[in-house]
Amino acid sequence: MAVLSDAAPGPGSPELSPPASMPHASGKLVLGLAFAQFGVMAALLTPVMVTLALRVAQIVPEADRGAALGQVLALGAVLAMIANPVIGGLSDRTTSRFGRRRPWLLGGALAALAGLLGVALGGSVPTLMIGWAVAQVGGNAALTAVTASIPDFVPERQRARVSGTVGMMTSLSMIAGSGLANAFSTHLALAFLIPGLLGVAGVVTLCAVMKDRPARPGAFAPYSVKEFLRSFWVSPRKHPDFAWNFAGRFLVFVGISCVTSYQTYFLMDRLGYAESEVANKVFVGTLAMVVTVVAGSVIGGQLSDRSGRRKPYVLGAALILAVGLALISAAHSFPVFLAALAVFGFGQGLYLSVDVALAASVLPDPEQAARDLGVLNIGNALPQSLVPIIAPALLALGSGGNYGALFLFGGIACVLGAFAVQFIRTVK
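Everything numeric here is computed off the predicted structure, so don't read it as measured data. (Residues numbered from 1 in each chain as written. Predicted model: local features only at pLDDT ≥ 70, side-chain atom pairs only at ≥ 80, totals over all residues. Heavy atoms only, no water.)

Asks: I tried to follow the packing of helix α2 (residues 65-93) against helix α8 (residues 240-269) on my own but got confused; where do I start?
Replies: Any two packed helices are characterised by the angle at which their axes cross and by the distance between the axes. Where α2 contacts α8, the axes come no closer than 11 Å and their chain directions differ by 170°. Taken together, the axes of α2 and α8 are roughly antiparallel relative to one another. Seen from α2, the contacting residues are R65, G66, L69 and L73; seen from α8, they are S261, Y262, Y265, M268 and D269. Looking at the contact of α2 with α8 residue by residue, the class counts come to five nonpolar, two polar and two charged. (Axes fitted to C-alpha atoms, helices over the stretch in contact; angles between N-to-C directions. Helix = DSSP H or I, 4+ residues; strand = E, 2+ residues; numbered from the N terminus. Parallel < 35°, antiparallel > 145°, perpendicular 65-115°, else oblique. Contact = heavy atoms within 4.5 Å. Nonpolar A, V, L, I, M, F, W, Y, C, P; charged D, E, K, R; others polar.)

In structure tokens:
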């Protein structure tokens, strides 16, 4: 793929993004964005939710499985965190005739599929770590391009609804992933590979319907070491609203990561389910949660776009997530766990419906949307690394297996994230 040099703009060069008076986003584009998000998230979330924990359990003795899972998840999350802004900056500069988003969409999805193949076939923890790292980098490259396509191609008046639709796909992908894990629990390799193929199919669909454009030559400085370092930094002093949004997103995703990373072991350790039963229980729990995620996404997106307000919905969503985490921490039976997941799911749906719309409103430079959204996505990826590092200490409190401490920690993080967003001044 071609990346920008310092050549001057030529006549007739395509614009970096659609004009400010961009028309209503087409139904095909929205469906393409949704399917791409669904496929890539299925590829990444299925392992996080259940199959990676089961794969680790096949290789590592029971006493060491929690720490081993933390190592695998942490490395992948760190590399994803680095990849997001770097690939975002390169995507913004890409002058390929195929556009500046398509090459990263397709290349990222194929890399994720290759990494998942490595996880499926690997027979040691280091092999799993390498495979999962490749899958995380590739999947997050594709997700960075999907997310950047929303401010690229969707007008402001539609962003909350489109963000809600795209965000809702994350939860639907959880149903698909947990269903596949349940269906192929005796053939675990397929439970890795089929979600990876869904990711490739999703980005191919989006590439076919989006009107992507290459970056205009000369619009950016050459990609240098200085620019690489800047990929990880947006000045809080110059852009305080961006910084507050980053802080809020990071804290909310700390809470979300507590559930997505450790629900499999919670079901085994707290509720006493055997390894052979866990995939089915995760599938049932995901179904219960996704119903309320869809409700929260639809309600939040509609109300936020009509009112033109974002912050009250983020505040409400984060507080509901905190309540859901508190209920999960107190669950000692599967029906109570399901009810807690339903509350948690409504908060997550409400949050996802306005999160990208809010982020798009505080970007320092809309023409470098992928780079700046990549910086924001560190707030998503970093908790996936930190939570597995912190979780063993929380779980060890008292007599061990202290999931109450883990989920209450996540609930407190969500509350703090909700209040951080209230300091944003340029968005209501």
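Asks: How should I be thinking about the side chain of T51 in this particular structure?
Replies: Among the structural elements, T51 can be located in helix α1 (residues 27-59). Given the relative accessible area of 0%, T51 is considered buried. If we skip the residues at most four places from it in the chain, T51 touches T46, A181, L188, A191 and F192. (Buried < 20%, exposed > 50% of the residue type's maximum accessible area, 1.4 Å probe, protein only.)

Asks: Just to check I follow, could you spell out the packing of α1 against α2 for this structure?
Replies: Two elements in contact, α1 and α2, have axes whose closest approach is 10 Å; the angle formed by their N-to-C orientations is 120°. Between α1 and α2, the angle is such that the two are oblique. Two packed elements cross with a definite hand, and for α1 against α2 that hand is right-handed. Between α1 and α2, the residues in contact are V48, L52, A53 and V56 and R65, A68, L69, V72 and L73, respectively. Here the contact of α1 with α2 is built from residues that sort into eight nonpolar, no polar and one charged. (Left-handed = near helix turned anticlockwise from the far one by under 90°.)

Asks: Explanation requested: helix α3 (residues 102-121) in the structure shown.
Replies: Three- or four-residue spacings in an α-helix give side chains the same orientation, since the helix completes a turn every 3.6 residues. With 20 residues, α3 should reach 28 Å at 1.5 Å per residue; the first-to-last C-alpha distance of 29 Å fits that figure. When we look at burial in α3, the residues that qualify are P103, W104, L105, G108, A109, A112, L113, G115, L116, V119 and A120. (Expected span 1.5 Å × (residues − 1).)

Asks: Even after reading the chapter, I still don't get the nonpolar core, so can you show me in this structure?
Replies: Most often, soluble globular proteins have nonpolar side chains that are buried together. Membership of the largest hydrophobic core comes to 109 residues, with the highest contact counts inside it found for L33, W132, F337, L406 and F407. At 16 residues, α1 tops the list of elements feeding residues into this core. Those residues in contact with F407 that lie beyond four places of it in its chain are C258, V259, F266, L325, I328 and S329. By size, the runner-up hydrophobic cluster in this structure holds eight residues, among which are A148, A359, L373 and L376. (Core = buried A, V, L, I, M, F, W, Y, C linked by side-chain atoms within 4.5 Å.)

Asks: What's the story with the packing of aromatic side chains in this structure? I'm lost.
Replies: Here a ring pair, both rings aromatic, is described through the centre-centre distance and the interplanar angle of the planes. Taken as a whole and judged by the stated rule, the model has nine aromatic pairs. Between the aromatic rings of F266 and Y403, the centroid separation amounts to 5.4 Å while the plane-to-plane angle is 85°, which identifies the pairing as edge-to-face. A residue pair is termed long-range when its members are at least 10 positions apart, and F266 in helix α8 and Y403 in helix α13 (residues 403-421) qualify at 137 residues. Classification of Y403 by relative accessible area gives buried; the value is 3%. The ring of F334 carries K281 above its face, with NZ or CZ at 4.8 Å from the centroid. (Phe/Tyr/Trp six-rings, centres within 6.5 Å; stacked < 30°, edge-to-face > 60°. Lys NZ or Arg CZ within 6 Å of the ring centre and 35° of its normal.)

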